[in-house]
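Fold and contact review
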Amino acid sequence: MSRGPAAVVTGLAWLLVCQLVGTALVAALDAPVPGPVVGMVLLLVVLRVRRPRDDHPVLTTSTGLLAHLQLLFVPAGVGILAYVGTVRADVLPLGAGLVVSWGAGLAAVGWTMQALVRRRATGRGAAR
Amino acid sequence: MSAGWDGALDWLRTSPLFLVTLTVVVYALGCRLRDRSGGHPLAQPVLVGVVVVGAVVVALDVDVAAYVDATQVVSFFLGPATVALAVPLHRQWHRLRAVVVPLLVAVLVGAVVSVTSASLVARALGADELLQRTLAPKATTAPVAIALSETLGGIAPLSAALAIVAGTLGAVAGPHLMTWLRLRDPRVRGVALGSVSHGIGTARLLHDSEVEGAFCGLAMGLTALATSLVLPVLAALLF
């Protein structure tokens, strides 16, 4: 596989085409998921079917992009400033609702999945 | 002289070059801070970036909408980066197959708990119905939170802002809380954080562990889907 700058462009082209097709599918089907998430599923299918080598441009470019995923959220995070004024009177219910619900959701998902994974593991052990 | 200074300030306030440079430089400093502090929870580059860039935006009196507009070249890559989450998932495929059913059940439970608890806690503390509807989809990734808030009749851009706060909370406090909750399996940790802190939680976990990051990204996508499915039913019961 080609390396160097061309590889980044090839990898980015793969990602953009998947996003474009995913976005088009969402628009056509009026589906309640974001286009890039459908694009993620499409790329996963392609990767499972074609099983590219570890140095394939789409793999190296994706790894590089994901290493700095946090950077991409900074503009949206700063954008929150625009709403500080409107929620000032409701900071307590919104803030407490958000934090409590975030913790409750985390615990509910974590404990549910952990219990189910353990039950499967012990079930299998007993069957053997 | 002062006219020149004012002119320069006006240029800074709208220049994509200055605002993008500011964002990237502060983020890079945030990365160094994280590495130098040995990964301190508060030294997450996204938090350092938002706080420091936000402070500069306020200090220079930059219009927030103009900042968001000027930095679209950065935000644009959220799309391809979301697609790229297929790569860690592909690498962790052998770990995924064994836990598909527990994962799907847990994500569905999480969507119900997130929407219900957010609405009820906000109501108990005196939020009106508009704000409860605005807070309900906050566990989903920002573009989905906007779409769901619109169908619910909430304030869509505020829903996106709340989703970003939930994500940042996950990047900062998620790993510690999960350890405190005795969640040790990296697959479980990834799914749990992805269900409540979507892409920003994923960004944090990918830096810590590829297994956690891969499952976090997957849970982000599935939570978007699950929340979209349960929200109409829950809305009929809650409001």
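Residue numbers run consecutively from 1 along every chain, following the written order of its sequence. Naming scheme: in the order in which they are written, chains are lettered from A and ligands are numbered from 1. This being a predicted model, a pLDDT of at least 70 is required before a residue's local features are given, and a value of 80 or more before pairs of side-chain atoms are given or counted; all residues contribute to the totals for chains, interfaces and linings. Each side-chain value is derived from all of the structure's non-hydrogen atoms; neither hydrogens nor water enter the calculation.

Structural notes on a nonpolar patch on the surface
Residue and element names in this part refer to chain A. On the surface, Val-17, Val-21, Leu-25 and Leu-29 cluster together to form a nonpolar patch covering roughly 350 Å² of accessible area. To qualify as a helix, a DSSP run of H or I must reach at least 4 residues; to qualify as a strand, a run of E must reach at least 2; elements of each kind are numbered from the N terminus. By the element assignment, Val-21 lies in helix α1 (residues 5–29). Look at Val-21 and you get partly exposed, because its relative accessible area is 39%. A residue counts toward a patch only above 30% relative accessible area and without a salt bridge, and it is joined to like-charged neighbours within 9 Å or, for Val, Leu, Ile, Met, Phe, Trp and Tyr, to nonpolar neighbours within 5 Å. Every accessible area reported is derived by Shrake-Rupley at a probe size of 1.4 Å, with residue values counting cover from the shown protein chains alone. Take a side-chain nitrogen of Lys or Arg and a carboxyl oxygen of Asp or Glu: if they are within 4 Å of each other, that pair is a salt bridge. Under the scheme applied here, a residue whose accessible area is under 20% of the maximum for its type counts as buried, over 50% as exposed, and between as partly exposed, the area being computed with a 1.4 Å probe on protein chains only.

A look at helix α12 (residues 156–180) of chain B
Residue and element names in this part refer to chain B. The end-to-end C-alpha distance of α12 is 33 Å, a good match for the 36 Å that 25 residues give at a rise of 1.5 Å each. Think of it this way: the bend at a residue is just the angle between two axes, each fitted to seven residues, one set ending at that residue and the other starting at it. Its maximal kink placed at Ala-173, α12 deviates by approximately 60°, while the proline Pro-175 follows within four residues. Arg-182 lies just past α12 and shows a positive phi near 65°. Every helix has an expected span of 1.5 Å times one less than the residues it contains.

Brief notes about unusual backbone geometry
Residues and elements named next belong to chain B. Of note in the backbone geometry, Asp-61 takes a positive phi value of approximately 60° without being a glycine. On the basis of relative accessibility, which here comes to 57%, the residue Asp-61 falls in the exposed class. With a phi angle near 35°, His-198 is a residue other than glycine that sits in the positive phi range. In this structure, His-198 sits in helix α13 (residues 186–208). Residue His-198 is classed as buried on the basis of its relative accessible area, which comes to 2%.

Observations regarding the interface of chain B and chain A
Contacts between the two partners involve 96 residues from chain B, matched on the other side by 66 residues from chain A. By the criterion of area lost to chain A, the three top residues of chain B are Tyr27(B), Val83(B) and His90(B), representing 9% of everything that side buries. Along the contact surface separating chain B from chain A lie 0 salt bridges. Identification of polar contacts relies on pairs of N or O atoms within 3.5 Å, with a donor-acceptor requirement for protein atoms, meaning one able to donate a hydrogen and the other able to accept it, and with residues adjacent in sequence counted only if both atoms are side-chain atoms. At the boundary of chain B and chain A, one finds 12 residue pairs in polar contact (both at pLDDT 80 or more). Here, residues are in contact when the closest pair of their heavy atoms is within 4.5 Å. Defined in terms of a 1.4 Å probe, buried area is the accessible area two parts forfeit on being brought together, summed over both.

Regarding the domain arrangement of chain A
In this document the domain limits rely on a domain assignment from an automatic tool or a database. Considered domain by domain, chain A is made up of domain 1 (1–72) and domain 2 (73–128). Between the C-alpha centres of domain 1 of chain A and domain 2 of chain A there is a distance of 27 Å.

Section: the pattern of salt bridges
All names here are of chain B. All told, the structure shown has 8 salt bridges over all chains when counted by the stated rule. We note a salt bridge from Arg-91 to Glu-210, for which the minimum N-O separation is 3.1 Å. In this pair, Arg-91 is assigned in helix α7 (residues 86–91) and Glu-210 in helix α14 (residues 210–238), connecting sequence segments 119 residues apart. Arg-91 gets classed as partly exposed once you look at its relative accessible area, which sits at 31%. Of the charged contacts in the structure, one is a salt bridge between Asp-208 and Arg-204, with a shortest N-O distance of 3.2 Å. Taken together, the residues Asp-208 and Arg-204, both in helix α13 and 4 residues apart, mark about one turn of the helix. Taking the relative accessible area as the measure of exposure, Asp-208 reaches 39% and is therefore partly exposed. By relative accessible area, Arg-204 is classed as buried at 7%.

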